[in-house]
Amino acid sequence: MTEVGPTATPSGSLLERDAELAAITEAVDSLRAGRSSSGSLLVWRGAAGLGKTALLAETRRIALDRGCAVWWARGGETLRSVPFNVVRQLLQPALVSMLPEEAREYLGDWYDLAGPALGIVDPGERQADPQAVCAGLVAVVRRLALREWPLVLIIDDVHWADQETLQWLAALAERIEETSVLVVLARRSEKVAGDRARLLDAVADAGRDLDTLSALTPHATAGLTRATLGAHADDPFCREVWAVTGGNPYETVELLAKVQDSELDPVEAHAAELRDLNRSSRGGGLVARLEQLGIDATRFAWAAAILGTGITTDMVASLATLRRDDAARCAELLRGARILTDPDPTTGRPEGEMEFVHPLIATAVYNSIPDALRRAMHGIAAQLVADRGLGAAAASRHLVQVHPDDDQDVVDQLRAAAREHLAVGAPDAARRCLERALQEPPTAALHAPVIYELGCATLLTAPATTIDHLRTALGMPGLDEDQRVDAVFRLSQALLHNDQLEEAVRTVEAEAARNPDPAKRLRLQAVQYMWEGIHAGAISSPGRSARLAELADTCTGRDNSERALLILRGFDAMSHGENAEVVVELCDRALVNGRLAPGLGWTDSEWGIELPLMLASAYAYSDCLDRAEALFTEGLRAYESAGWNGGHLALAHAYVGLGHRRRGRLVDAEAALRESLRIAERVGRGLPLYWSAICNLIDTLLARGHVDEAWSLAERYDFAPPYPSTIVLPDPRSIRGRLLLATGRTAEGIEELEAAEKAAASRGRHNPVVVPWATDLARALAAEDPERAARLASDARRQAERFGTDTAIGEALRCAAALETGERAARLAAQAVTYLEASPCQYEHAAARVEYGLATRSPSELERGLALARSCGADGLAARAAGALATSRVAG
């Protein structure tokens, strides 16, 4: 329950711990082997009182004796709601000891991100991304590990750590081998529920989750009894000590101390008294013992339990309404009764602070406080924290425990605390504050704004909950127009993330129709078109593209709503296969001096990631790969420098891979896409970002000629229907059809490509580069239905010429050549080479060269195709060219 360091270790706590101590020594020595040594993680499990704290204290001693830096922290039962509580205990002292400018220089790009979470930088106004903050904290540890090597981090009672610390620990554990640090944790063996269980399991899975600590044997208990009470303690007495305590080291040590205090002779005649003595050390017995110390000492202990951390005589005196000298006397009484103690000075705790001797005692004292009094004391504690200038967030853990009393000051403080929590990347803490504010309750005028703020707080963590909150807020009076527009936008985002995209579109459409403000209506219309534009199904209303084109024609790009509409219009034109010059002109108009406007950037929350992805994709498929790759790379760097290591980073890697694939850098594309898939798997399978990674990776492997590997990945990652509701580039149906054909499953491949044809027709997506079903289907049907194959190839060429890029026309000519023979095939293949040589897509150029060489039996063309294929990493194409070249030389 409290933030405590290790106390003096009773000898009994380390009895029969030889194997555990050997594992600790081995881990410390492994860390000290060199600065580049891999990090490691040990997790000790055991029931309360089995000596976990003592084992951690011995870990600290072993590490210190071997020249390590050792930092200590502890979870607290009543402090689980305090975000970053444990990680602050662990890392804050090292950073606070630096001068501010030194800390800023040392942390670099992570200073503004991780600094507020660690309490060394004031939080800003913007909502911080929790994943980014978590990544920043991992980076801080990696830097500190280099600076402080060899560094050992110890956390006791990690099962009581706050949610944010557990998220950080799970992320650190995932990369522990890359970080030269030893992390040693101790936790209760009891089951934990919910997200905490998931995170604790993730931590344990990444480390050495050692066997549950066992209780002392009767033999060890007897040895400890005689070592404490004297060699004359007889066997029946020793056996009763073991029977009463069950071999629990903490209870055994406490019981023997009480035997000493009572001057009980350790012989069989007094063994019956041991059970009563043992009961006085815990639960109701502890409370009774506390009451015997007097009402002032009891109030002092209660106040200490309420505070949980930062327990000083002055703070407790204020909370318990005791005079300073009376409080000092009570502190001494509680120390003498082994209820409170001074922390170990080596833990870096501030001088003058106290802590409970054991979490079991702290829990028992806290639970003994009458409910009404406990709530009232939390209210006083909140005021004390606020009066000391520690901020609304620090006071909020007390405020959420106060009984609701229609106090608008409490509502205001909780709202302020929620803003602070969001600013440091703790949305769950913000949610708890706002839920409690609603219980107060707020005034009628503030009720809808508080629910709106609650919906904003849950957007990143619980889209379904956000939907309920924002719908409720929008159905009540009280939101101003700006709040209302923002609430509708966030509601549509939550619906999108909850796979309710059609409803997201209709929600924004309805609000746009009722809003009288032209500027706000324009923004809502842009959002509507954005969601419609990324939907893979046919949800758009009739004439959508025409209305979007008409609206975009009036836009000059004077604000972000107009710029958004220009991007949307450019993406729509690209996906429908309109002239590429029109697409590029629209995209260029959306930029400001050739760059994304403020508010439309990769990390800006006003519009989200969708718009820059649409913009860059429109450039990529319009053969403007320089501009596309610059945008993709900018996005990747933005997320990496901001520490965003979730879905946004996965998409950034996927689209960087798409850029490499379009350019023909297949090896680089595969590397980027594998990294995207790795991150996407961590975020969750089945999401659109996951599909972007796997679809592009399979397309790249097919281009490389690694067909078996592509099929294996498709099987492993369920690359098959049903497909996501959002658009994935390139079209997954077309890529799966291509995969099926490549593996000899021709009938299935044709069926999949025909499904791609129908889906594209329903949405009017006629760009043959983005949805390349037609050319693959034409080749597949060439033998069994040459007339239909010819029609498909002709239609593909017509669409390609309408779009007008060298890549589109060259690919259509490649398909047409594949359906012909003799001189006509050679002539069409030569035309394909001409176009694709001018295209930035070098893999397609290489394929055209090889096919032209095959059609003309030209060794020089085959050699050029072979060189291009090898430079692209297209192993299958290179092997085909090399084989044909070898055959031609033999024939020659």
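Scroll up to find the structure.
Draft legend 1. Examining the overall build of the protein more closely. Counting secondary structure elements, the protein contains 44 helices and seven strands. Dimensions along the principal axes, computed over C-alpha positions, put the protein at roughly 110 × 70 × 50 Å. Out of the 892 residues in the protein, the part that is buried amounts to 58%. Of all intrachain contacts in the protein linking residues separated by at least 6 positions in sequence, the fraction that spans at least 24 positions is 68%. Carbon and sulfur atoms form 50% of the exposed surface of the protein, whose accessible area is close to 35,300 Å². One finds the centroid of the 95 positive side-chain charges in the protein at a distance of 3 Å from the centroid of its 125 negative side-chain charges.

Draft legend 2. Spatial organisation of the pairing of strand 1 (residues 40-46). Here strand 1 lies mainly inside the structure; six of its seven residues are buried. Relative to strand 4 (residues 181-188), strand 1 runs parallel, the two being bridged by seven bridges. Residue pairing for strand 4: valine 43 is matched across the bridge by leucine 185.

Draft legend 3. Inspection of the environment of glycine 247 at higher detail. Turning to its location among the elements, glycine 247 is positioned in the loop between helix 10 (235-245) and helix 11 (249-261). Looking at glycine 247, the relative accessible area reads 0%, which means it is buried. Placed 282 residues apart in sequence, glycine 247 and tyrosine 529 show a C-alpha to C-alpha distance of 69 Å.

Draft legend 4. Region of the structure containing helix 35 (residues 707-716). For helix 35, every residue scored as buried is listed here: Ala710, Trp711, Leu713 and Ala714. Buried residues of helix 35, seen end-on, are gathered within an arc of 160° and therefore sit on one face of the element. Exposed and oriented more than 90 degrees from the buried face of helix 35 are Asp708 and Glu715. Aspartate 718 occupies a position one or two residues after helix 35 and carries a positive phi of about 55°.

Draft legend 5. Summary view of the pattern of salt bridges. This model, assessed by the stated rule, comprises 66 salt bridges. Here glutamate 837 ties to arginine 864 by a salt bridge, and the two come within 3.6 Å at their closest N and O atoms. On the criterion of sequence distance, the pair formed by glutamate 837 in helix 41 (residues 822-838) and arginine 864 in helix 43 (residues 859-872) is long-range, its members being 27 residues apart. Here arginine 864 falls in the partly exposed class, since its relative accessible area comes to 42%. One salt-bridge network, held together by shared partners, links Asp296, Arg299, Arg323, Asp325, Asp326 and Arg329.

Draft legend 6. Seen up close, the packing of aromatic side chains. Tallying each qualifying case throughout the model produces seven aromatic pairs. Ring geometry for tryptophan 602 versus tyrosine 639: centroids 6.3 Å apart, planes at 80°, classification edge-to-face. On the criterion of sequence distance, the pair formed by tryptophan 602 in the loop between helix 29 (580-589) and helix 30 (610-621) and tyrosine 639 in helix 31 (residues 625-642) is long-range, its members being 37 residues apart. Given a relative accessible area of 5%, tryptophan 602 falls into the buried group. Residue classification places tyrosine 639 among the buried positions, given a relative accessible area of 0%. Centre to centre, the rings of tryptophan 691 and phenylalanine 719 are 5.7 Å apart; their planes meet at 45°, and the pair counts as tilted. Placement of tryptophan 691 in helix 34 (residues 688-704) and of phenylalanine 719 in the loop between helix 35 and helix 36 (732-742) is noted, with a sequence separation of 28 residues between them. In this pair, the class of tryptophan 691 matches that of phenylalanine 719, namely buried. Among the aromatic side chains, those forming a connected cluster through ring pairs are Phe489, Trp531 and Trp607. The ring centre of phenylalanine 489 lies 4.9 Å from the NZ or CZ of arginine 523, which sits over that ring. Here the guanidinium or amino end of arginine 523 rests over the ring plane of tryptophan 607, the centre of that ring lying 5.5 Å away.

Draft legend 7. Layout of the nonpolar core. Trp168 and Trp531 are the most contacted members of the largest nonpolar core, which totals 196 residues. When near neighbours in sequence (up to four residues on either side) are disregarded, tryptophan 168 contacts Val87, Leu90, Cys134, Leu137, Val138, Val141 and Ile155. In this structure, Ile311, Ala327, Leu340 and Leu422 belong to the second largest nonpolar core, which totals 55 residues.

Draft legend 8. Here's a closer look at the packing of helix 22 (residues 444-458) against helix 24 (residues 481-497). Where helix 22 meets helix 24, the closest approach of the two axes is 11 Å, and the angle between their N-to-C directions is 35°. Relative to helix 24, the crossing made by helix 22 is left-handed. Across the interface between the two elements, Pro449, Tyr452 and Cys456 of helix 22 pack against Gln483, Asp486, Ala487 and Arg490 of helix 24. Of the residues assigned to the contact of helix 22 with helix 24, the class counts are four nonpolar, one polar and two charged.

Draft legend 9. Up close: the packing of helix 6 (residues 130-148) against helix 7 (residues 163-174). The contact between helix 6 and helix 7 brings their axes to 9 Å, and the two run at 60°. Taken as axis vectors, helix 6 and helix 7 run oblique relative to one another. Every pair of crossing elements has a handedness; the one defined by helix 6 and helix 7 is right-handed. Contacts between helix 6 and helix 7 involve Cys134, Leu137, Val138 and Val141 from the former and Gln167, Trp168, Ala171 and Leu172 from the latter. Here the residues of the contact of helix 6 with helix 7 sort into seven nonpolar, one polar and no charged.

Draft legend 10. Representation of the pairing of strand 4 in the model. Of all eight residues in strand 4, eight are buried, a share of seventy percent or more. With five bridges joining them, strand 3 (residues 151-156) and strand 4 adopt parallel strand pairing. Looking across to strand 4, one finds that valine 152 is bridged to leucine 182. Tracing the backbone out of strand 3, into helix 7 and back to the parallel element strand 4 gives a crossover that is right-handed.

Conventions adopted
Residues numbered from 1 in each chain as written. Predicted model: local features only at pLDDT ≥ 70, side-chain atom pairs only at ≥ 80, totals over all residues. Heavy atoms only, no water. Helix = DSSP H or I, 4+ residues; strand = E, 2+ residues; numbered from the N terminus. Buried < 20%, exposed > 50% of the residue type's maximum accessible area, 1.4 Å probe, protein only. Contact = heavy atoms within 4.5 Å. Areas by Shrake-Rupley, 256 points an atom, 1.4 Å probe, with all protein chains shown as cover. Lys, Arg positive; Asp, Glu negative; His and termini not counted. Charge placed at Lys NZ, Arg CZ, Asp CG, Glu CD. Pairing = 2+ DSSP bridges. Arc of directions from axis to C-beta. Salt bridge = Lys/Arg side-chain N within 4 Å of Asp/Glu carboxyl O. Phe/Tyr/Trp six-rings, centres within 6.5 Å; stacked < 30°, edge-to-face > 60°. Lys NZ or Arg CZ within 6 Å of the ring centre and 35° of its normal. Core = buried A, V, L, I, M, F, W, Y, C linked by side-chain atoms within 4.5 Å. Axes fitted to C-alpha atoms, helices over the stretch in contact; angles between N-to-C directions. Left-handed = near helix turned anticlockwise from the far one by under 90°. Nonpolar A, V, L, I, M, F, W, Y, C, P; charged D, E, K, R; others polar. Parallel < 35°, antiparallel > 145°, perpendicular 65-115°, else oblique. Right-handed = clockwise from strand over helix to strand, strands pointing away.

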